[in-house]
Amino acid sequence: MKTVLVLLLAAELGHALERGRDYEKDKVCKELAHLGKDDFRTLSLVLYSRKFSSGTFEQVSRLVQEVVALTQECCAEGADPDCYDTRTSALSIKSCESDSPFPVHEGTPECCTKEGLERKLCMAALSHQAREFPTYVEPTNDEICEAFRKDPRRFADEFLYEYSSNYGQVPLPLLVGYTKSYLSMVGSCCTSPSPTPCFLKERLQIRHLSLLTTMSNRVCAQYAAYGKEKSRISHLIKLAQKVPTADLEDVLPLAEDITTILSKCCESTSEDCMAKELPEYTVTVCDNLPKKNSKFEECCQEETPLDIFTCIYFMPAAPPLQLPAIELPTNTEVCGQTNTKALDRYTFELSRRTPLPEVFLSKILEPTLKTLNKCCDSEDASTCFTDKGSQLKKELSSFIEKGQELCADYSENTFTEYKKKLAERLRRRLPDAAPTELAGLAQKRADLASKCCSVNSPPRHCAAQFGVRYLAYSAATQVQRYHVLLSRVSPVSLSVLTGQLKENSAVKEWLPPGCREALKQRLTYSPTASTKQTLAMMFVVLTVTVDDTTSTDSRGVSQPPDPVVDEGMAGKKGVAVMRCQGHQKGDTMATLGNRKVDWKNDRTNSRGCHTVS
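The rules behind each value
- Residues numbered from 1 in each chain as written.
- Predicted model: local features only at pLDDT ≥ 70, side-chain atom pairs only at ≥ 80, totals over all residues.
- Heavy atoms only, no water.
- Salt bridge = Lys/Arg side-chain N within 4 Å of Asp/Glu carboxyl O.
- Helix = DSSP H or I, 4+ residues; strand = E, 2+ residues; numbered from the N terminus.
- Buried < 20%, exposed > 50% of the residue type's maximum accessible area, 1.4 Å probe, protein only.
- 1 Å grid on protein atoms, 1.4 Å probe; cavity = no way out; pocket = protein on both sides within 12 Å on 5 of 7 lines; lining within 4 Å.
- Points joined across faces, edges and corners; volume = space filled by probe spheres on them.
- Axes fitted to C-alpha atoms, helices over the stretch in contact; angles between N-to-C directions.
- Parallel < 35°, antiparallel > 145°, perpendicular 65-115°, else oblique.
- Contact = heavy atoms within 4.5 Å.
- Nonpolar A, V, L, I, M, F, W, Y, C, P; charged D, E, K, R; others polar.
- Expected span 1.5 Å × (residues − 1).
- Core = buried A, V, L, I, M, F, W, Y, C linked by side-chain atoms within 4.5 Å.
- Arc of directions from axis to C-beta.

### Concerning the pattern of salt bridges
And step 1. Tallied over the entire structure, the rule returns 24 salt bridges.
And step 2. Across the pair lysine 120 and aspartate 85 runs a salt bridge, and its minimum N-O distance is 2.6 Å. Within this pair, whereas lysine 120 is found in helix 7 (residues 116-125), its partner aspartate 85 is found in helix 5 (residues 83-95), the two being separated by 35 residues in sequence.
And step 3. By relative accessible area, aspartate 85 is classed as partly exposed at 35%.
And step 4. A salt bridge links glutamate 327 to lysine 393; the nearest nitrogen and oxygen atoms lie 3.5 Å apart. Of this pair, glutamate 327 sits in the loop between helix 15 (305-314) and helix 16 (331-335) while lysine 393 sits in helix 19 (residues 381-407); the two residues are 66 residues apart in sequence, bridging distant segments of the chain.
And step 5. Given a relative accessible area of 41%, lysine 393 falls into the partly exposed group.

See below:
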């Protein structure tokens, strides 16, 4: 079975089922012969459920059905030599049909513009991003047995799909091993005269395998999101925060060890890679850290190495040390050949001083460390460090402050209490905001905190929810700024604006988000259906001009606007003028009058202002 798994994994990684080459066909046919139709189908279901984790059960099942039928037909004795290539071509064509029954992927249309083998390879490379928030909930024993007795085959298929799509980062052999053990338990207990005691006994027997599977999914998901080097930095940050009294020499080797294990085991074809490597890692941890932190000492008293690892994984950050502020490393420290750990030491020292979840620190440290490394490659490293250093420190400080503001009190309070304190802070900051708007903003912030303010927050999701710009210029701050802007617009201009808003619902999609939110809080209007011409007329009301100054950070990234009202124009001819800083002079935000907008050439930049060709 192990050898077969290796072959099947190689087939998946090489996209053998869709390439149509003879040697790939031979591999697939050997796997079918070794496994038999049922096991081949089962493993195909696991593979495609992982690959297309956002697809429905019906879509994945249909794809598996086609692949198994194709393999059986083309691997049969006496099959046409061109069968495999012909059938895989037909499969790729079917995937391009508008009513394709297979999993949907945003990259499919592009693949469908290609032909032949190029299209097959493009299709084979498509996969959905693994789920960072598993939604699978195991049914009750009665529900399991009811579904099993009704249709054992469908129950097994749905379980394989649900578990594999939810835990797609588990190393394949481990995932197959666990799902096989689980289905064996269900088959035994649902046919037993005493199902409840049977389930209790069987679950105890597979508890270790179940825990190993879920923990492997967690750590491998982070590794897949970060890659090897960022994963190493991530583990260094977490260890520095969990045991801030340790020295760099205590935690750096451990961060490197766990990263090496993940790079070796997360894509391993060995069935016991994780089971062998994690216990060895916990021995090293327990030999070095318990004397530095009582929490590690408690974890190292757990019964099994896997329980120790789990305890350490979920261990919260310790209170940060009260130490002098850490300075950025100098060019001599970073660029000199004698000290290759300067950036690791800076990461460690900053982390053990800073009560901020790893996902935030990783986010801001990545561009910071990259900028310092780039300075080493410049002609004058010393000048580069001097020029970039002060701005980097400002950005770090601002980002950390905003992150701490979001996560303040989160770990010390229940979620309900946290939401109350968050709402109070927002109410003090936005005294003019409507209660419903404050409640909505508080809910959004609380949802973000619930996912991103814990010690093991999911990197991809949190990175998509915030960035330097999001935190440094929070939504609440932008709304507050636009409240100030609107309060300074003359009554005449505001009256015209209100009238246009009443007639034009599409304008709310054109306005910058902060302004849109402020307008919602200040104005009451009943949007009606609008046309492109009426929206174009809105440009007369909000004629946007460009400030010739630019605002960039140390990495050359333009910063969000600080909108102001042009006092000289406000109130004249019903025109409210806003400036968006950070644009190049000459980017005309035209007064369109009755001219039609060429929507194909409309460019919306990151500031929320529009340029029209």
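### Some points on empty space enclosed by the protein
And step 1. Overall, the coordinates contain 7 cavities of 30 Å³ or more when judged by the stated rule.
And step 2. Of the volumes computed, that of the largest cavity is approximately 190 Å³.
And step 3. Forming the boundary of the largest cavity are 13 residues, of which His235, Lys242, Tyr281, Ile312 and Tyr313 lie nearest the centre.
And step 4. At the level of secondary structure, the elements contributing two or more residues to the lining of the largest cavity comprise helix 11 (195-242) and helix 15.
And step 5. Considering each element in turn, the lining of the largest cavity owes the most residues, 7 residues, to helix 11.

### Some points on the packing of helix 4 (residues 57-75) against helix 9 (residues 152-166)
And step 1. Contact geometry of helix 4 with helix 9 gives a least axis separation of 11 Å together with a crossing angle of 105°. It follows that helix 4 is roughly perpendicular to helix 9 by the angle criterion. Contacts from Phe57, Glu58 and Val60 in helix 4 reach Arg154, Asp157, Glu158 and Tyr161 in helix 9.
And step 2. Of the residues belonging to the contact of helix 4 with helix 9, the class tally is 3 nonpolar, no polar and 4 charged.

### Here we look at helix 12 (residues 248-265)
And step 1. Over its 18 residues, helix 12 runs 26 Å from end to end, which matches the ideal 26 Å to within 8%, given 1.5 Å per residue.
And step 2. In this fold, the buried residues of helix 12 make contact with helix 11, helix 13 (273-288), helix 15 and helix 17 (342-353).

### Structural notes on the nonpolar core
Soluble globular proteins: nonpolar side chains tend toward being buried together.
And step 1. By size, the foremost hydrophobic cluster in this structure holds 83 residues, and its most contacted members are Val186, Met274 and Leu289.
And step 2. Once you skip the residues sitting within four places of it in the chain, leucine 289 turns out to touch Leu239, Val243, Ala246, Asp250, Val251, Leu254 and Phe296.

### Things to note about helix 13
And step 1. For helix 13, spanning 16 residues, the distance from its first C-alpha to its last is 23 Å, which sits close to the expected 22 Å at 1.5 Å a residue.
And step 2. Among the residues of helix 13, those classed as buried are Cys273, Met274, Glu277, Leu278, Tyr281, Thr282 and Val285. The buried residues of helix 13 all sit within an arc of 135° when viewed along its axis, so they share a single face. Exposed residues pointing more than 90 degrees away from the buried face of helix 13 are listed as Lys276 and Asp287.
And step 3. Those residues of helix 13 that are buried are in contact with helix 11, helix 12, helix 14 (294-299) and helix 15.

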